[in-house]
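Residue-level listing of the chains:
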Amino acid sequence: GNSVTQMEGPVTLSEEAFLTINCTYTATGYPSLFWYVQYPGEGLQLLLKATKADDKGSNKGFEATYRKETTSFHLEKGSVQVSDSAVYFCAPRYNNNDMRFGAGTRLTVKP
Amino acid sequence: DVKVTQSSRYLVKRTGEKVFLECVQDMDHENMFWYRQDPGLGLRLIYFSYDVKMKEKGDIPEGYSVSREKKERFSLILESASTNQTSMYLCASSITRQNTGELFFGEGSRLTVL
């Protein structure tokens, strides 16, 4: 079946460091790709998305590019802040009822 | 803004009890979902509904049932709660029947079964 693999955490960075969280997915069909973020005590909220090859999703300084050739959708941010501390989930959506979530990567940013 | 509201943030139940988790969305979305979130496992789909009275099993439906009598409301039912159902439960909804739309999530219901 369809699946997604993302970088295991936890990840601890200093403020203003560069962040990469890797994500790869199975290439069945042509999924749309999403990154969700979960702040402590809250539900998941959409961070960014890309729906076709070579699209770049971006929001709040985060970016990810839909790479069909490598079936990847890595999340990056050039300079993290303490307020970015959260759990990040990569999620390909293959069809109406098949959205897969990675295990989540916990990011802690220290001042 | 889309709002997905889950009725209880925290519940504590005993083994064998019947548990109802309620979810309401206010944006007339066709699709509604129940997920379970466990550390290291991400989110796993329990049930999905694409219309009133319609439901489909997800990856882990055993021990759960659902009800969708009205478009805005999707209920998850644990007929006889067990300790291995202790988890965070997340409800979500989406407007589109294609795969390009995002899911909107509630804040979650953390269930502890003793």
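In this text the structure is predicted, and so the values were computed from the model without any measurement.

Undergrad: Can you walk me through the overall build of chain A in this structure?
TA: Counting secondary structure elements, chain A contains zero helices and 12 strands. Written out in order from the N terminus, the α and β elements of chain A read β-β-β-β-β-β-β-β-β-β-β-β. In terms of overall dimensions, chain A is globule-like: its C-alpha atoms have a radius of gyration of 13 Å, near the 13 Å expected for 111 residues. Counting only C-alpha atoms and orienting by the principal axes, one finds that chain A spans roughly 40 × 25 × 20 Å. Across the 111 residues in chain A, those meeting the buried criterion constitute 48%. Partitioning the intrachain contacts of chain A with sequence separation of at least 6 by distance along the chain shows that 54% fall at a separation of at least 24. Carbon and sulfur atoms provide 46% of the accessible area of chain A, an area that totals close to 5,000 Å². Computed over 11 positive and 11 negative side-chain charges, the separation of the two mean positions in chain A equals 5 Å.

Undergrad: Help me understand the sheet that holds strand E9 (residues 75–77) of chain A, please; the structure alone is not making it clear to me.
TA: Within a sheet, adjacent strands bond to each other through the backbone by hydrogen bonds, running parallel or antiparallel. Residues and elements named next belong to chain A. With respect to topology, four strands assemble into an open sheet ordered E3-E9-E8-E7, the strand pairing being antiparallel. Looking at strand neighbours, the two that pair on one side only are strand E3 (19–21) and strand E7 (56–59), the edges of this open sheet. Adjacent strand axes in the sheet meet at a mean angle of 15°, parallel and antiparallel pairs treated alike. The sheet contact formed by strand E8 (residues 62–65) and E9 spans two bridges and is antiparallel.

Undergrad: I tried to follow the interface of chain B and chain A on my own but got confused; where do I start?
TA: Interface extent is often summarised as the accessible area lost during association of the parts. Between chain B and chain A, the residue contacts involve 27 residues of the former and 24 residues of the latter. In this structure, A:Arg100 and B:Asp59 form a salt bridge, with 3.0 Å as the shortest nitrogen-oxygen distance. Linking chain B with chain A are six residue pairs in polar contact (both at pLDDT 80 or more). Sorting the residues of the side of chain B that touches chain A by element identifies strand E4 (31–38), strand E5 (42–51) and strand E9 (87–94) of chain B as the ones contributing at least two each. With five residues, E5(B) is the largest single contributor of residues to the side of chain B that touches chain A. Across the side of chain B that touches chain A, the residue classes break down as 10 nonpolar, 11 polar and six charged.

Undergrad: Looking at this structure, I do not really get the pattern of salt bridges. What am I missing?
TA: Oppositely charged side chains can pair when the atoms bearing their charge come close. Taken as a whole, this structure holds 12 salt bridges over all chains when the rule is applied. Salt-bridge contacts for A:Lys52 lead to A:Asp55; the nearest nitrogen and oxygen are separated by 3.5 Å. Ionic pairing is found between B:Lys53 and B:Glu69, a salt bridge with its closest N-O pair at 2.5 Å. Of this pair, B:Lys53 sits in the loop between E5 and strand E6 (54–57) while B:Glu69 is found in strand E7 (residues 65–70), placing the two residues 16 residues apart along the sequence. Of the residues examined, B:Lys53 reaches a relative accessible area of 56% and is grouped as exposed. Residues participating in the shared-partner salt-bridge network are A:Asp98, A:Arg100 and B:Asp59.

Undergrad: Can you walk me through the packing of aromatic side chains in this structure?
TA: Any aromatic ring pair is given by two values, namely how distant the centres are and how the planes are angled relative to each other. Under the defined criterion, the tally for this structure stands at 13 aromatic pairs over all chains. Aromatic side chains A:Phe101 and B:Tyr35 sit 5.3 Å apart centroid to centroid with 80° between the ring planes, which places their arrangement in the edge-to-face category. Of the two residues, A:Phe101 is situated in the loop between strand E11 (98–99) and strand E12 (105–110) and B:Tyr35 in strand E4; the pairing between them involves two chains. Of the two residues examined, A:Phe101 and B:Tyr35, each falls in the buried class.

Undergrad: Sorry if this is basic, but what is going on with the pairing of E8(A) here?
TA: Each regular strand displays side chains that alternate between the two surfaces of the sheet. Residue and element names in this part refer to chain A. Note that E7 and E8 share four bridges and pair antiparallel. By the bridge assignment, Gly57 is partnered in E8 with Ala64. Connecting E7 to the next strand, E8, in antiparallel fashion are two residues, including Lys60 with a positive phi near 55°.

Undergrad: Sorry if this is basic, but what is going on with unusual backbone geometry here?
TA: What is expected of a backbone is that most residues other than glycine have negative phi and most peptide bonds are trans. That bond from A:Gly9 to A:Pro10 is cis: its omega, -5°, falls within 30 degrees of zero. Looking at the secondary structure, you find A:Pro10 in the loop between strand E1 (4–6) and strand E2 (11–14). The backbone of A:Lys60 shows a phi angle near 55°, a positive value even though the residue is not glycine. Locating A:Lys60 in the fold gives a position in the loop between E7 and E8. Judged by its relative accessible area of 47%, A:Lys60 falls in the partly exposed class. Although it is not a glycine, B:Asp28 adopts a positive phi angle of roughly 60°. Inspection of the secondary structure assignment puts B:Asp28 in the loop between strand E3 (19–25) and E4. Given the relative accessible area of 52%, B:Asp28 is considered exposed.

Cut-off values and rules
- Residues numbered from 1 in each chain as written.
- Chains lettered and ligands numbered in written order.
- Predicted model: local features only at pLDDT ≥ 70, side-chain atom pairs only at ≥ 80, totals over all residues.
- Heavy atoms only, no water.
- Helix = DSSP H or I, 4+ residues; strand = E, 2+ residues; numbered from the N terminus.
- Rg over C-alpha atoms; globule rule 2.2 N^0.38 Å.
- Buried < 20%, exposed > 50% of the residue type's maximum accessible area, 1.4 Å probe, protein only.
- Contact = heavy atoms within 4.5 Å.
- Areas by Shrake-Rupley, 256 points an atom, 1.4 Å probe, with all protein chains shown as cover.
- Lys, Arg positive; Asp, Glu negative; His and termini not counted.
- Charge placed at Lys NZ, Arg CZ, Asp CG, Glu CD.
- Pairing = 2+ DSSP bridges.
- Axes fitted to C-alpha atoms, helices over the stretch in contact; angles between N-to-C directions.
- Salt bridge = Lys/Arg side-chain N within 4 Å of Asp/Glu carboxyl O.
- Polar contact = N/O pair within 3.5 Å; in protein donor to acceptor, adjacent residues only side chain to side chain.
- Nonpolar A, V, L, I, M, F, W, Y, C, P; charged D, E, K, R; others polar.
- Phe/Tyr/Trp six-rings, centres within 6.5 Å; stacked < 30°, edge-to-face > 60°.

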